[in-house]
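Letter by letter, the chains look like this.
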Amino acid sequence: MDDWARQIHIKTPAEIAIMRDAGRINAEVLAATKALLQPGVSTADLNAAAEEVLKKHGCFSPFKGYGRPPFPTSVTVCINREMVHGIPKKDRKLRQGDIVSVDCGTVLDGFVADSAYTGGVGEISPRARELLEVTEGALYAGIEKMRVGSRTGDVGAAIQRHVESQGFHVTREYTGHGVGRQMHEGPQVPNYGKPGTGLPLKQGMTIALEPMVLVGTHATRVLPDRWTVVSADGSLTAHFEHTVAVTAGDPLILTVP
Ligand code: MG
Ligand code: MG
């Protein structure tokens, strides 16, 4: 996803309240997909479940039609070695032991909320379980740094430290991002960094933080469909994301129920 609007847009409290409502709906969308993580369910079924919830609320996903070639569905679904931007398909069925990432955005009254999770299909391997825990933990380690006085490098460093201290790898090519009227605004927030570097965080910034973690190495490649990003070595990957507002106090997670 490369046509970034890189400007930073500070949101008013009223705008953040709309994004909070969008985030609540997005959480409901993701929960509907999570309830379907069973063997035999297709990745297109996950997209259909998401669209049903979006429709019920009169919302839509900014993913559909995004980029070149236009992304065809409302959610992205990734299995095992697929890290982000997987295209749902009717003939792609979930299997016992898979780990599945679902990413969705919700547009409400012109504002976007963006969130993702990775879950298991039935019993998953201890290594896969560990990958999920570390990736979700890295998201919260990053969120903890989303405060006035922090810089984007502090956030990235917290994510990177959490991941690498447990022997996993963070992506280099794909980053967190500001979000608001556009799905991708500034600032970019890499999943790695040095403390005390990068752009200062300001009250009213809304940022989608999204650690993408790989078991083998940090290298990735894009499949011939021009969307699906996979680990270069075929190893497992995971992805967790929340949209978070920087406030005068604690970080405010917008994409929760
Ligand atoms: Mg996302
Ligand atoms: Mg995002």
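As a reminder, the structure under discussion sits directly above these lines.
Here's what I pulled together on the structure shown here. (Residues numbered from 1 in each chain as written. Chains lettered and ligands numbered in written order. Predicted model: local features only at pLDDT ≥ 70, side-chain atom pairs only at ≥ 80, totals over all residues. Heavy atoms only, no water.)

## Quick look at the coordination of the magnesium ion (ligand 1)
Donor atoms from the polypeptide that coordinate the magnesium ion (ligand 1) comprise Asp103 (OD), Asp103 (OD), Asp114 (OD) and Glu241 (OE), at 2.0 to 2.4 Å from the metal. Read in sequence order, the donor residues for the magnesium ion (ligand 1) give the motif D-x10-D-x126-E. (Donors = N, O, S within 2.8 Å, 3.2 Å for Na, K, Ca; no water.)

## Describing helix 1 (residues 13-34)
Compared with an ideal rise of 1.5 Å per residue, which puts 22 residues at 32 Å, helix 1 spans 31 Å between its outermost C-alpha atoms and is within 8% of the ideal. Restricting attention to buried positions, one finds in helix 1 the residues Ile16, Met19, Arg20, Ala22, Gly23, Ile25, Asn26, Ala27, Val29, Leu30 and Thr33. Against helix 2 (43-56), strand 3 (99-108), strand 4 (111-120), strand 8 (206-209), strand 13 (242-245) and strand 14 (252-253) lie the buried residues of helix 1. (Helix = DSSP H or I, 4+ residues; strand = E, 2+ residues; numbered from the N terminus. Expected span 1.5 Å × (residues − 1). Buried < 20%, exposed > 50% of the residue type's maximum accessible area, 1.4 Å probe, protein only. Contact = heavy atoms within 4.5 Å.)

## With respect to the sheet that holds strand 12 (residues 237-239)
Reading across from one edge, 5-9-12 is the order of the three strands in this open sheet, with antiparallel pairing throughout. The sheet is open, and its two borders are formed by strand 5 (169-170) and strand 12, each paired with just one other strand. Alignment of strand 9 (residues 212-214) against strand 12, held across three bridges, turns out to be antiparallel. Counted as the bridge partner of Val213 is Ala238 from strand 12. Contacting strand 9 and strand 12, helix 3 (residues 126-144) crosses the sheet at an angle of about 35 degrees to strand 12. (Pairing = 2+ DSSP bridges. Axes fitted to C-alpha atoms, helices over the stretch in contact; angles between N-to-C directions.)

## Considering the packing of aromatic side chains
Summed over all chains, the structure comprises one aromatic pair. The side chain of Arg172 reaches across the aromatic face of Tyr192, ending 5.3 Å from its centre. (Phe/Tyr/Trp six-rings, centres within 6.5 Å; stacked < 30°, edge-to-face > 60°. Lys NZ or Arg CZ within 6 Å of the ring centre and 35° of its normal.)

## A look at the environment of Ser74
Within the secondary structure, Ser74 is located in the loop between helix 2 and strand 1 (75-79). When the C-alpha atoms of Ser74 and Glu51 are compared, they prove to be 6.7 Å apart, with 23 residues separating the residues in sequence. Setting aside residues up to four positions removed in sequence, Ser74 forms contacts with Asn47, Glu51, Leu54, Ser61, Phe63, Lys64, Asp103 and Cys104. Within the structure, the side chain of Ser74 is placed 2.6 Å from the side chain of Glu51, a separation counted as a polar contact. (Polar contact = N/O pair within 3.5 Å; in protein donor to acceptor, adjacent residues only side chain to side chain.)

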